[in-house]
Amino acid sequence: STRIRDAVGDGHGSDAQFIRELRNAVRQNLTRAGDEISVNQQAQWWESPERERRRITIAECWSMMPPSFGNTERQPLRSILGFGMVYEFGSEGWLTGVITEDSRGKGHGRALFEEMLAWCKSVHLQPWLEVFADNMPARHLYLSLGFATDNTRLVRQPGVGPRTILIMTTGKSA
């Protein structure tokens, strides 16, 4: 099952390292991602004063590992599947989330975004997000969660060319 929790650690280890590695691996699908980020850049971002304006969540999957040779008891097995962030800007909460490639299509992204939406509602933030128009799995997820396109913008990605970004929200009231 999917468990959502707040991210822990400092800017160099624990969840920060996982977030940096996953973000770098899938940055071509992130609407505001540029170059690969370094360990030092991650630490500066994690520890910046803006940290108070971000809620970072981690999607985990917990299961029981079967008994192994020499061990007759089942052991808990934890696997981190992705991360999500809500950036607070005034009355708006800008959501972003990434699920590892082999964990997609199994409901983990839905659980992650449902948690972020519930948190936005609890603190009275209007949820917004951006998605590439050609990212159909993500678009379908967002539409099923009540998001609708509010606006679009065109960006040029090196090596890819122009891509359309959809700016989506769940409505005008949180």
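Report on the accompanying structure. Residue numbers restart at each chain and count upward from 1, following the sequence in its written direction. In keeping with the model being predicted, local features are shown solely for residues with a pLDDT of at least 70 and side-chain atom pairs are shown and tallied solely at 80 or more, while totals for entire chains, interfaces and linings include all residues. Working from all heavy atoms in the structure, the side-chain values ignore hydrogens and water.

### A short note on unusual backbone geometry
Our working rule: Each helix corresponds to a stretch of at least 4 residues labelled H or I by DSSP, and each strand to a stretch of at least 2 residues labelled E; elements are numbered beginning at the N terminus.
Positive phi, close to 60°, is recorded for His124, a residue that is not glycine. Relative to the helices and strands, His124 resides in the loop between helix H3 (108–122) and strand E5 (126–132).

### Details of helix H2 (residues 39–46)
Three- or four-residue spacings in an α-helix give side chains the same orientation, since the helix completes a turn every 3.6 residues. Stated precisely, the cut-off is as follows: Burial classes follow relative accessibility: with a 1.4 Å probe on protein chains only, a residue under 20% of its type's maximum area counts as buried, one over 50% as exposed, and anything between as partly exposed. The reported arc concerns the directions from the helix axis to the C-beta atoms and nothing else.
Taken together, the buried positions of H2 are Gln42, Ala43 and Trp46. Summarising the axial view, the buried residues of H2 lie within an arc of 100°, below the 170-degree limit, and thus occupy one face. Opposite the packed face of H2, turned more than 90 degrees from it, sit the exposed residues Asn40 and Gln44.

### With respect to helix H4 (residues 136–144)
Cut-off, in case you're wondering: Residues count as neighbours in contact if any of their non-hydrogen atoms are within 4.5 Å of one another.
Looking at H4, one finds that the buried residues are Ala138, Leu141 and Tyr142. Viewed end-on, H4 has its buried residues packed into an arc of 95°, placing them on one side of the element. Of the surrounding elements, those touching the buried residues of H4 are H3, E5 and strand E7 (161–169).

### Re the side chain of Gln126
As a reminder of what qualifies: Two N or O atoms count as a polar contact when they lie within 3.5 Å, although within protein this holds only if one can serve as hydrogen donor and the other as acceptor, and sequence-adjacent residues are included solely when both atoms are side-chain atoms.
Inspection of the secondary structure assignment puts Gln126 in strand E5. Among the polar contacts listed, one links the side chain of Gln126 to the side chain of Thr170, at a separation of 3.3 Å.

### Regarding the packing of aromatic side chains
Any pair of aromatic rings gets described here by the distance separating the centres and the angle formed by the planes. Put simply, the rule is: In this scheme Phe, Tyr and Trp rings, the latter by its six-membered ring, pair at centre separations within 6.5 Å, and the angle between planes marks the pair as stacked below 30 degrees, edge-to-face above 60, and tilted otherwise. We call a charge positioned over a ring when the NZ of a Lys or the CZ of an Arg lies within 6 Å of the ring centre and within 35 degrees of the ring normal.
Applying the stated criterion across every chain, the model contains three aromatic pairs. Centroid distance Tyr142 to Phe147: 6.1 Å. Interplanar angle 65°. Geometry classified as edge-to-face. Looking at Phe147, the relative accessible area reads 3%, which means it is buried. Among the aromatic residues, those joined into a cluster by ring pairs are Phe113, Tyr142 and Phe147. Cation over ring: Arg163 sits above Phe132, and NZ or CZ is 3.6 Å from the ring centre.

### Focus: the nonpolar core
Filter applied, for reference: Among buried residues, the Ala, Val, Leu, Ile, Met, Phe, Trp, Tyr and Cys ones that are joined through side-chain atoms within 4.5 Å form a nonpolar core.
By size, the foremost hydrophobic cluster in this structure holds 20 residues, and its most contacted members are Leu95, Phe113, Leu129, Val131, Tyr142, Phe147 and Met168. Secondary structure elements with two or more residues in this core: strand E4 (92–99), H3, E5, H4 and E7. At five residues, H3 tops the list of elements feeding residues into this core. Excluding residues within four positions of it along the chain, Val131 makes contact with Thr31, Ala138, Arg139, Tyr142, Thr164, Ile165, Leu166 and Met168. Listed in part, the 13 residues of the second largest apolar core include Ala7, Leu22, Leu30 and Met85.

### Quick notes on the pattern of salt bridges
Our working definition: When a carboxyl oxygen of Asp or Glu lies within 4 Å of a side-chain nitrogen of Lys or Arg, that pair is called a salt bridge.
Counting across every chain of the model gives three salt bridges. When the shortest N-O distance is used, the salt bridge between Arg163 and Asp134 registers 2.8 Å. Here the residue Arg163 occupies a position in strand E7, and Asp134 occupies one in the loop between E5 and H4, the gap between them amounting to 29 residues. Since its relative accessible area comes to 52%, Asp134 is described here as exposed.

### Topic: the packing of H3 against H4
The test is simple: Axis definition: a line fitted to C-alpha atoms, over the contacting stretch in the case of helices. Angles run 0 to 180 degrees between N-to-C directions. Angles below 35 degrees are treated as roughly parallel, those above 145 as roughly antiparallel, those between 65 and 115 as roughly perpendicular, and all remaining angles as oblique. Take the far helix as the reference: if the near one is turned anticlockwise from it by less than a right angle, the crossing is left-handed, and if turned clockwise, right-handed.
Where H3 contacts H4, the axes come no closer than 11 Å and their chain directions differ by 45°. In terms of orientation, H3 and H4 fall into the oblique class. Crossing hand, H3 versus H4: right-handed. Across the interface between the two elements, Gly109, Arg110 and Phe113 from H3 touch Leu141, Tyr142 and Ser144 from H4.

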